[in-house]
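# A closer look at the structure
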Amino acid sequence: MSMYKCPVCGELFSTSYKKCPFCEEDDLLMDRRKTTSRRSRRNEPRAVGPLLIVIFLMLVALVVFLVKGDSLFKNWGKDDQVDEPPVIEEPVEDETPPVVDEPEPEPEPEKKPMVLDKTTVELNGGESITLVASEGSGDYAWTSDDESIVKVEDGVLTTVGGGTTTVIVSDGETELTCTVTVHVVELTIKNPDVSIAVGDSFNLKTRCSGGDNFTFKSENESIATVSEDGVVTAVGKGKVNVLVSNGGDTKGCIVRVK
């Protein structure tokens, strides 16, 4: 039997075959594979349809979200939330002290200038008078230019001797003056020389004339004393001069104590 080598596959086959049986088998096998491939392709599901459905659903969801998204998500998860009690904030004490409106100071009353009720005064010896100052500061100081003529205390003038002097009053800011003239009334003493024993007394005032207001003074009270009413009392032996003044004139009475 003669053999023939296939020029395609290189296999030897009998010349009784018109075609290479090996190649025919390969062709048949290839046809079967192609047929099977075509059938499998026909049976494969197409992905285009589901993809279009998915895209359509996504577009619908997007439209719904744009239209009602706020209302849908506004209450999202509220059912799962637990209502918490409200937080009560404790008041914080303000350390800054409160501002207290201070009352406006009342305006000080307008000070009026000081006034003196008299600017000139005439007195007889033994007389006295009171000067009155008002307004100003209310704190007055009094002085006399010559206390041998008149003395002053809190505005009360007391005559000492005859003459003219000036009394000054000041409130610390202003000074006012009053001219005071004291007319001397002659003082006389009846029996200006008296002798008494220790322990005896007499009234010197009854022996004086020349006014109503007299002042008395003993120059030595170890010998004789004298009261405001002019009663002289002998204390010890000796001689003493008892002075009498009527505010303008001064005289002395010699008292001898035995």
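This write-up is about the structure you can find in this document. (Residues numbered from 1 in each chain as written. Predicted model: local features only at pLDDT ≥ 70, side-chain atom pairs only at ≥ 80, totals over all residues. Heavy atoms only, no water.)

## Remarks on the sheet that holds strand β14 (residues 201-203)
Think of a sheet as strands paired side by side through backbone hydrogen bonds, with each pair either parallel or antiparallel. This is how it is decided: Criterion used throughout: strands pair if DSSP finds at least two bridges between them. Helix numbering and strand numbering both begin at the N terminus, where a helix is a DSSP run of H or I of at least 4 residues and a strand a DSSP run of E of at least 2. Throughout, an axis means a line fitted to C-alpha atoms (over the contacting stretch in the case of helices), and angles, computed between N-to-C directions, take values from 0 to 180 degrees.
The strand order across the open sheet formed by three strands is β14-β18-β17, and the pairing between neighbours is antiparallel. Two strands in the sheet have a free side with no partner beyond their single neighbour: β14 and β17 (224-226). The average undirected angle you get between the axes of adjacent strands in this sheet is 15 degrees. The pairing of β14 with strand β18 (residues 231-234) spans three bridges and is antiparallel. Following the sheet pairing, N203 is matched in β18 by V231.

## Quick notes on a nonpolar patch on the surface
This is how the line gets drawn: What goes into a patch is any residue over 30% in relative accessible area without a salt bridge, connected to like charges within 9 Å or, for nonpolar side chains (Val, Leu, Ile, Met, Phe, Trp, Tyr), within 5 Å. In short, Shrake-Rupley with a 1.4 Å probe defines the accessible areas, and a residue's cover is counted only from the protein chains shown. Whenever a carboxyl oxygen of Asp or Glu lies within 4 Å of a side-chain nitrogen of Lys or Arg, that contact is scored as a salt bridge.
A contiguous nonpolar patch, built from I53, F56, L57, V60 and V64 and spanning about 470 Å² of accessible area, is present on the exposed surface. Relative to the elements of secondary structure, V60 occurs in helix α2 (residues 48-74).

## Considering the pattern of salt bridges
Oppositely charged side chains can form a pair if their charged atoms are brought close together. Threshold: Per-residue accessibility, obtained with a 1.4 Å probe over protein chains only, is compared with the maximum for each type, and a residue is labelled buried under 20%, exposed over 50%, and partly exposed between these values.
The final tally for this structure, using the stated rule, is three salt bridges. The partner of K118 in a salt bridge is D117, with the nearest N and O atoms 3.4 Å apart. Overall, K118 belongs to the partly exposed group, its relative accessible area being 29%. Judged by relative accessible area, D117 falls into the partly exposed class, the value being 38%. A salt bridge links D249 to K251; the nearest nitrogen and oxygen atoms lie 3.7 Å apart. Using a relative accessible area of 16% as the deciding quantity, one classes D249 as buried. Overall, K251 belongs to the partly exposed group, its relative accessible area being 29%.

## What to know about the sheet that holds strand β7 (residues 141-144)
With mixed pairing, the four strands of this open sheet are ordered in space as β4-β11-β10-β7. Of all the strands in the sheet, just β4 (120-124) and β7 have a single pairing partner and so form its edges. Each neighbouring strand pair of the sheet contributes to a mean axis angle of 25 degrees, computed without reference to strand direction. When β4 meets strand β11 (residues 175-183), the two strands line up parallel, connected through five bridges.

## Observations regarding unusual backbone geometry
The backbone of E135 shows a phi angle near 60 degrees, a positive value even though the residue is not glycine. Within the secondary structure, E135 is located in the loop between β6 (133-134) and β7. Accessibility expressed as a relative area gives 38% for E135, which makes it partly exposed.

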